[in-house]
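Coordinate inspection notes
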Amino acid sequence: GNGGGDGGGGDGCDDDRSDRWSGWKAGDGFLHEAVLYRGADGLVRSLLPWMEQGLAAGDPVVALVTARSGDALRSALGSAVSSVHVEDVGELGRNPARIISVWRAAVERHRRPGQALRAIGEPVWPGRSPDELVECGHHERLLNTAFADCPDLWLLCPYDVSALPDDLVASVGQ
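Summary of the structure given here.

Analysis parameters
- Residues numbered from 1 in each chain as written.
- Predicted model: local features only at pLDDT ≥ 70, side-chain atom pairs only at ≥ 80, totals over all residues.
- Heavy atoms only, no water.
- Helix = DSSP H or I, 4+ residues; strand = E, 2+ residues; numbered from the N terminus.
- Buried < 20%, exposed > 50% of the residue type's maximum accessible area, 1.4 Å probe, protein only.
- Contact = heavy atoms within 4.5 Å.
- Axes fitted to C-alpha atoms, helices over the stretch in contact; angles between N-to-C directions.
- Parallel < 35°, antiparallel > 145°, perpendicular 65-115°, else oblique.
- Left-handed = near helix turned anticlockwise from the far one by under 90°.
- Nonpolar A, V, L, I, M, F, W, Y, C, P; charged D, E, K, R; others polar.
- Core = buried A, V, L, I, M, F, W, Y, C linked by side-chain atoms within 4.5 Å.
- Pairing = 2+ DSSP bridges.
- Salt bridge = Lys/Arg side-chain N within 4 Å of Asp/Glu carboxyl O.

**Digging into the overall build of the protein**
The number of helices and strands found in the protein is six helices and five strands. Along the protein, from the amino end to the carboxyl end, the secondary structure elements read β-α-β-α-β-α-α-β-α-β-α. A total of 174 residues make up the protein; the buried ones form 48% of that total. In the protein, the share of contacts with a sequence separation of at least 24, taken over all contacts with a separation of at least 6, comes to 78%.

Structure follows, in structure tokens:
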């Protein structure tokens, strides 16, 4: 559904999701999923196949992620890096209440008729204050309403379970 989930079996980390991700297509409705991973290598293993699948289909791919995640994804993309728009959420999303407006602008800028827009949003990172984490929870829930009118948007929200508090990880997708 649109509410998230763990993105796979077991603890949701580093699963091969390529089969699971092959059924959705542009126009099927806004899809918003959580992806649980461990460390930079886990992030790459979890997201790179999905990004490459999108690029092969001609879908625009946008990532609003931490600088660390952006560096890992850029490195793994190799020559395809020029086809992916990566922005640092640490600057743009310092205030979680502003992230939806950043996503609205990105959707308008990168959306193409008849194509899926694959997006990666990482609003939660180690070092966020407790108040910011509460706001990030509100943000994640509000995304489902804010983008209900975007049937071509597929948004993955990665969470590094090795670096985030257990109670926060347990609440992902609720």
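So that's the structure; there's more coming.
**Some words on the packing of helix α1 (residues 39–56) against helix α2 (residues 67–77)**
The interhelical angle for the contact between α1 and α2, taken along N-to-C directions, is 55°, at an axis separation of 9 Å. Classified by the angle their axes make, α1 and α2 are oblique. For the crossing formed where α1 meets α2, the hand is right-handed. Across from Gly39, Ala40, Leu43, Val44, Leu47, Leu48, Met51 and Leu55 in α1, the residues of α2 making contact are Arg68, Ser69, Ala72, Leu73, Ala76 and Leu77. Here the contact of α1 with α2 is composed, by residue class, of 11 nonpolar, two polar and one charged.

**Observations regarding the nonpolar core**
In terms of nonpolar packing, the biggest core is built from 31 residues, with Trp103, Val124, Phe147, Leu153, Leu155 and Tyr159 touching the most fellow members. Element by element, the count of residues in this core is highest for helix α4 (residues 99–110), at six residues. Those residues in contact with Phe147 that lie beyond four places of it in its chain are Phe30, Ile100, Trp103, Arg104, Val107 and Leu153.

**Some words on the packing of α4 against helix α5 (residues 130–146)**
Pairs of packed helices are described in terms of their axes, by the angle between the two and the distance that separates them. At a minimum axis distance of 10 Å, the contact between α4 and α5 shows a crossing angle of 40°. The orientation of α4 with respect to α5, classified from their angle, is oblique. In this structure, α4 meets α5 at a crossing whose hand is right-handed. The segment α4 lies against α5, with Ile99, Ile100, Trp103 and Arg104 engaging His139, Leu142, Leu143 and Ala146.

**So, the sheet that holds strand β2 (residues 61–65)**
Strand order in the open sheet formed by five strands is β1-β5-β4-β2-β3, and the pairing between neighbours is parallel. The open sheet has two edge strands with one neighbour each: β1 (31–37) and β3 (84–88). Taking the axes of each pair of neighbouring strands and ignoring which way they run, one obtains an average angle of 20° across the sheet. Examined bridge by bridge, strand β4 (residues 117–121) and strand β5 (residues 153–160) share four bridges and lie parallel to one another. By the bridge assignment, Ala119 is partnered in β5 with Leu155. Where α4 meets the sheet, it contacts β2, β3, β4 and β5, and its direction lies at approximately 160° from that of β2.

**Some details on the pattern of salt bridges**
A side chain of one charge can pair with a side chain of the opposite charge when the charged atoms of the two come close. One pass over the structure, following the stated rule, counts seven salt bridges. Between Arg109 and Glu87 there is a salt bridge, with its nearest N and O atoms 3.3 Å apart. Taken together, the residues Arg109 in helix α4 and Glu87 in strand β3 connect sequence positions 22 residues apart. Residue Asp149 is joined to Arg104 by a salt bridge in which the shortest nitrogen-to-oxygen separation is 3.3 Å. Of the two residues, Asp149 sits in the loop between α5 and β5 while Arg104 sits in helix α4, which places them 45 residues apart along the sequence. The partly exposed category is assigned to Arg104, whose relative accessible area is 27%.

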